[in-house]
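The chain contents come next:
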Amino acid sequence: MLREFLPLLCLGLGLGFEDEKKNETLPKPSLSALSSLVVGHRDNVTLRCQSHFQNVTFMLGKLEDSGYRQEQRSTGHKAEFLLTHLEPKDAGMYFCAYKTMVSQEWSEESEYLQLKVKDDHNGRGATGVKNANGLIFAVTFSCLSILILFVSVFFINRCTQHGSSQEESTKSLQIPYFNVFLSLRTSHSEFPKQEATETERPPGSEPC
């Protein structure tokens, strides 16, 4: 009787132990990125989930999308999830979990990782605005330079013409004064000659 009871007791204890292992909560895994969590448009990133157990099934989820799930079976302690051709809509908070062959429930969720995807459309817009501002500045600077050059040439030409007219007027005034001076000097030089001639003339002779 006792011999028949012992196998049943062992079987019951074994089943209870299995049920206890199924119902126990598995420790949460760790989630990390193999590269930067800030990626460009259409770039790739690899997320690694690691647990304390081997021969487990890993799951990658997204907090903002309850329907997003990737599962991967691993014989080791970790699994790597490759996310390719990322779009801005793929940005968000990611987590992972796992379950063993014995347990039917997923473990606790790992800490969240925030993935950011750059939007190249905004980058192109900002670059386009910068290029447009640079072009406007270059055109404005060129126009101002040409205007300043034109004004400078105009004033230089005006000053040159004014100086030439003053020089010509000065010369025109100097020539009459010079002619008058020459006339006076000639008359003054001939007047002594005439007095000398009248002095040498004999008395009683009349000038011819």
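From a predicted model like this one, the values you see are computed outputs, not experimental measurements.

*Asks:* Help me understand the nonpolar core in this model?
*Replies:* As a rule of thumb, soluble globular proteins bury nonpolar side chains together. By size, the foremost hydrophobic cluster in this structure holds 19 residues, and its most contacted members are L31, L60 and L83. L60 has contacts with L31, L47, Y68, R69, Q70, F81, L83, Y94, F95 and C96, leaving out every residue within four places of it along the chain.

*Asks:* Sorry, what's going on with the packing of aromatic side chains here?
*Replies:* The description of an aromatic ring pair rests on the distance of the ring centres and on the angle between the ring planes. In this structure the tally under the stated criterion is six aromatic pairs. Arranged with centres 5.8 Å apart and planes meeting at 90°, the rings of F95 and Y112 form a pair that is edge-to-face. Here Y112 lies in the loop between β7 (92–100) and β8 (113–117) and F95 lies in strand β7, a separation of 17 residues in the sequence. We classify F95 as buried; its relative accessible area is 9%. By the ring-pair criterion, three or more aromatic residues cluster together here, those being F53, F58 and Y98.

*Asks:* Would you mind showing me how to read the sheet that holds strand β1 (residues 30–33) here?
*Replies:* Hydrogen bonds between backbone atoms are what pair the strands of a sheet, whose relative direction is either parallel or antiparallel. Across the sheet, three strands lie side by side as β1-β3-β6; this open sheet has antiparallel pairing. Of all the strands in the sheet, the pair left with one neighbour each is β1 and β6 (78–83). The average angle at which neighbouring strand axes cross in this sheet is 20°, direction not considered. Direction of pairing for β1 relative to strand β3 (residues 45–50): antiparallel, over a ladder of four bridges. Bridge assignment links A33 to a residue of β3, and that residue is L47.

Rules and cut-offs
- Residues numbered from 1 in each chain as written.
- Predicted model: local features only at pLDDT ≥ 70, side-chain atom pairs only at ≥ 80, totals over all residues.
- Heavy atoms only, no water.
- Core = buried A, V, L, I, M, F, W, Y, C linked by side-chain atoms within 4.5 Å.
- Buried < 20%, exposed > 50% of the residue type's maximum accessible area, 1.4 Å probe, protein only.
- Contact = heavy atoms within 4.5 Å.
- Phe/Tyr/Trp six-rings, centres within 6.5 Å; stacked < 30°, edge-to-face > 60°.
- Helix = DSSP H or I, 4+ residues; strand = E, 2+ residues; numbered from the N terminus.
- Pairing = 2+ DSSP bridges.
- Axes fitted to C-alpha atoms, helices over the stretch in contact; angles between N-to-C directions.

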